[in-house]
Amino acid sequence: MSFQPPRPERLEIAGPVGVLEALLEQPEGAGAPPAFGVICHPHPLFGGTMTNKVVHMLARSCHALGVPTLRFNFRGVGGSAGQYDEGRGETDDALAVVAHGRGLWPGASLWLAGFSFGAYVALRAAPRAAAARLVTVAPPVGRWDFASVDPPVCPWLVVQGDRDELVDAAVVQAWAARQPTPPQFALLSGAEHFFHGRLHELRDAVGRFLTDPA
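Residues numbered from 1 in each chain as written. Predicted model: local features only at pLDDT ≥ 70, side-chain atom pairs only at ≥ 80, totals over all residues. Heavy atoms only, no water.

**So, unusual backbone geometry**
- Even without glycine at this site, S116 takes up a positive phi of about 60°.
- Along the polypeptide, S116 turns up in the loop between β5 (109-115) and α3 (117-129).
- Backbone geometry at F195 places phi at a positive 55°, although glycine is not the residue there.
- Note that F195 resides in the loop between β8 (184-188) and α5 (199-211).
- Look at F195 and you get buried, because its relative accessible area is 0%. (Helix = DSSP H or I, 4+ residues; strand = E, 2+ residues; numbered from the N terminus. Buried < 20%, exposed > 50% of the residue type's maximum accessible area, 1.4 Å probe, protein only.)

What follows is the structure, given as structure tokens:
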């Protein structure tokens, strides 16, 4: 039988500066899942929201493995209270959503993911959130201060397109190679920043990482 995506349920989660608008998606029969996903969206000032297609596909990568997800809008986006805070407050927003997920699924591991600006936020949040897996898609190295971010201690995947028009793939590769424990690196040949026409390849790369026993 073909995979049936879960129906999204709208939530309001208590955030550091007010309500955070969120979507809960739980595959049928997930019950007490082994993990749950939290996915962070692109830059709030450039149209990034929790319904971004890359964010959506990251959620689907989890759902295909029976893992529920929480997508959410950062402060000041959509129905979320507050104002843009250059990644600092957005990291606190992500941690609040993680805490909500741990209340919903006690004992489940955290799979934390983010795209573009959301990758920067997810990377910042990962050590404090005790993430079990981290996925960073097109992390905007060179645009944000990645040097001050503590590297994660969990298994970690970077997915990058080599034709990204916003993020220099060579800079991202060099940065990843300098990490104390370099992440797995998936370079998608010909893929642009928003992975037009390549979302299924992105999903497959993430799925392989999430099912890797390492």
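**Points about the layout of surface pockets**
- Its boundaries defined by the atoms lining it, the largest pocket holds a volume of some 300 Å³.
- H43, F46, S116, L166 and H193 are the residues nearest the centre of the largest pocket, which is lined by 16 residues in total.
- A per-class count over the lining of the largest pocket returns nine nonpolar, six polar and one charged. (1 Å grid on protein atoms, 1.4 Å probe; cavity = no way out; pocket = protein on both sides within 12 Å on 5 of 7 lines; lining within 4 Å. Points joined across faces, edges and corners; volume = space filled by probe spheres on them. Nonpolar A, V, L, I, M, F, W, Y, C, P; charged D, E, K, R; others polar.)

**Section: the pairing of β8**
- When strand β7 (residues 156-161) meets β8, the two strands line up parallel, connected through five bridges. Its bridge partner lying in β8, L157 is registered against Q184.
- In this fold, the crossover linking β7 to β8 by way of helix α4 (residues 169-177) has right-handed handedness. (Pairing = 2+ DSSP bridges. Right-handed = clockwise from strand over helix to strand, strands pointing away.)

**So, the packing of aromatic side chains**
- Scanning the entire structure with this criterion turns up 12 aromatic pairs.
- Note on F146 and W175: the rings are 5.2 Å apart at their centroids and 75° apart in plane angle, and the pair reads as edge-to-face. With F146 in the loop between β6 (133-137) and β7 and W175 in helix α4, this pair connects stretches of sequence that are 29 residues apart.
- W175 gets classed as buried once you look at its relative accessible area, which sits at 5%.
- One aromatic cluster in this structure is built from F72, F74, Y84, F117, Y120, W144, F146, W156 and W175.
- Its guanidinium or amino end placed over the ring of F209, R133 lies 5.2 Å from that ring's centre, counting from NZ or CZ. (Phe/Tyr/Trp six-rings, centres within 6.5 Å; stacked < 30°, edge-to-face > 60°. Lys NZ or Arg CZ within 6 Å of the ring centre and 35° of its normal.)

**Section: α3**
- The first and last C-alpha atoms of α3 sit 18 Å apart over 13 residues, in line with the 18 Å expected at 1.5 Å per residue.
- Within α3, 10 of the 13 residues are buried, which leaves the element mostly enclosed by the surrounding structure.
- Residues of α3 that are buried sit in contact with β3 (35-40), α2 (88-104), β5, β6, β7 and α4.
- Taken from the residues just after α3, A130 is the one with a positive phi, measuring 55°. (Expected span 1.5 Å × (residues − 1). Contact = heavy atoms within 4.5 Å.)

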